[in-house]
Amino acid sequence: MQAGDDAARTTFARIEENWLTAVLDDVGDPVIATAVVCMGDGLYQQASMGLLPESSAEKQKTLEQLMAALDRLTA
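Parameters at a glance
- Residues numbered from 1 in each chain as written.
- Predicted model: local features only at pLDDT ≥ 70, side-chain atom pairs only at ≥ 80, totals over all residues.
- Heavy atoms only, no water.
- Helix = DSSP H or I, 4+ residues; strand = E, 2+ residues; numbered from the N terminus.
- Expected span 1.5 Å × (residues − 1).
- Buried < 20%, exposed > 50% of the residue type's maximum accessible area, 1.4 Å probe, protein only.
- Arc of directions from axis to C-beta.
- Contact = heavy atoms within 4.5 Å.
- Polar contact = N/O pair within 3.5 Å; in protein donor to acceptor, adjacent residues only side chain to side chain.
- Axes fitted to C-alpha atoms, helices over the stretch in contact; angles between N-to-C directions.
- Parallel < 35°, antiparallel > 145°, perpendicular 65-115°, else oblique.
- Left-handed = near helix turned anticlockwise from the far one by under 90°.
- Nonpolar A, V, L, I, M, F, W, Y, C, P; charged D, E, K, R; others polar.
- Core = buried A, V, L, I, M, F, W, Y, C linked by side-chain atoms within 4.5 Å.
- Salt bridge = Lys/Arg side-chain N within 4 Å of Asp/Glu carboxyl O.

Trainee: Teacher, can you tell me more about helix H2 (residues 30-48) here?
Mentor: Given 3.6 residues per helical turn, the α-helix brings residues three or four places apart onto the same face. Compared with an ideal rise of 1.5 Å per residue, which puts 19 residues at 27 Å, H2 spans 27 Å between its outermost C-alpha atoms and is within 8% of the ideal. When H2 is considered as a whole, its buried residues turn out to be Ile 32, Ala 33, Val 36 and Val 37. Each buried residue of H2 lies within a common arc of 140 degrees when the element is viewed along its axis, so the set occupies one face. Seen from the buried face of H2, the exposed residues on the opposite side, beyond 90 degrees, are Pro 30 and Val 31. Where H2 is buried, its residues touch helix H1 (6-27) and helix H3 (56-74). At the N-terminal boundary of H2, the capping side chain belongs to Asp 29, with an oxygen 2.8 Å from the backbone nitrogen of Val 31.

Trainee: Where do I start with the packing of H1 against H2 in this structure?
Mentor: The description of two packed helices rests on the angle between their axes and on the distance between the axes. One way to put it is that H1 packs onto H2 with a least axis distance of 8 Å and a crossing angle of 125 degrees. For the element pair H1 / H2, the angle class is oblique. Considering the relative orientation of H1 and H2, their crossing is right-handed. Contact residues: Glu 16, Trp 19, Leu 20, Val 23, Leu 24 and Val 27 in H1; Pro 30, Ile 32, Ala 33, Thr 34, Val 36, Val 37 and Asp 41 in H2. For the contact of H1 with H2, a count of residues per class yields 10 nonpolar, one polar and two charged.

Trainee: Teacher, can you tell me more about the nonpolar core here?
Mentor: Nonpolar side chains tend toward joint burial in soluble globular proteins. Residues Val 23, Ile 32, Ala 33, Val 36, Val 37 and Leu 70 constitute the largest nonpolar core, which totals six residues. Among the elements that take part in this core, H2 stands out by supplying four residues, more than any other.

Trainee: Quick question: what am I supposed to make of the environment of Glu 16 here?
Mentor: Secondary-structure assignment places Glu 16 in helix H1. The spatial distance from the C-alpha of Glu 16 to the C-alpha of Val 37 is 9.0 Å, given a sequence separation of 21 residues. What Glu 16 contacts, discounting residues up to four positions off in sequence, is Val 37 and Asp 41.

Trainee: For this particular structure, what's the right way to read the pattern of salt bridges?
Mentor: When the charged atoms of two side chains lie near each other, side chains of opposite charge can form a pair. In this structure the tally under the stated criterion is one salt bridge. In this structure, the salt-bridge partner of Arg 9 is Asp 6, at a minimum N-O distance of 2.2 Å. Of this pair, Arg 9 and Asp 6 both sit in helix H1, three residues apart, which is roughly one turn of the helix. For Arg 9, a relative accessible area of 39% gives the class partly exposed.

Right, dumping it as structure tokens:
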């Protein structure tokens, strides 16, 4: 699919780079920015496979736990 298409691969790489830059601008640390991007990628992957908690309350709890972890990383 996209992996075999150089233009698509280049576009996705640019999108990923821009996203990492935006997160880095917000958190100010390249390692933490990478961690945040990986957290988001993991959430996306889990959601796409139907692996996130089913209830809204459970999803909210997961997000709050991740935000608390991010607060600890950036403290």
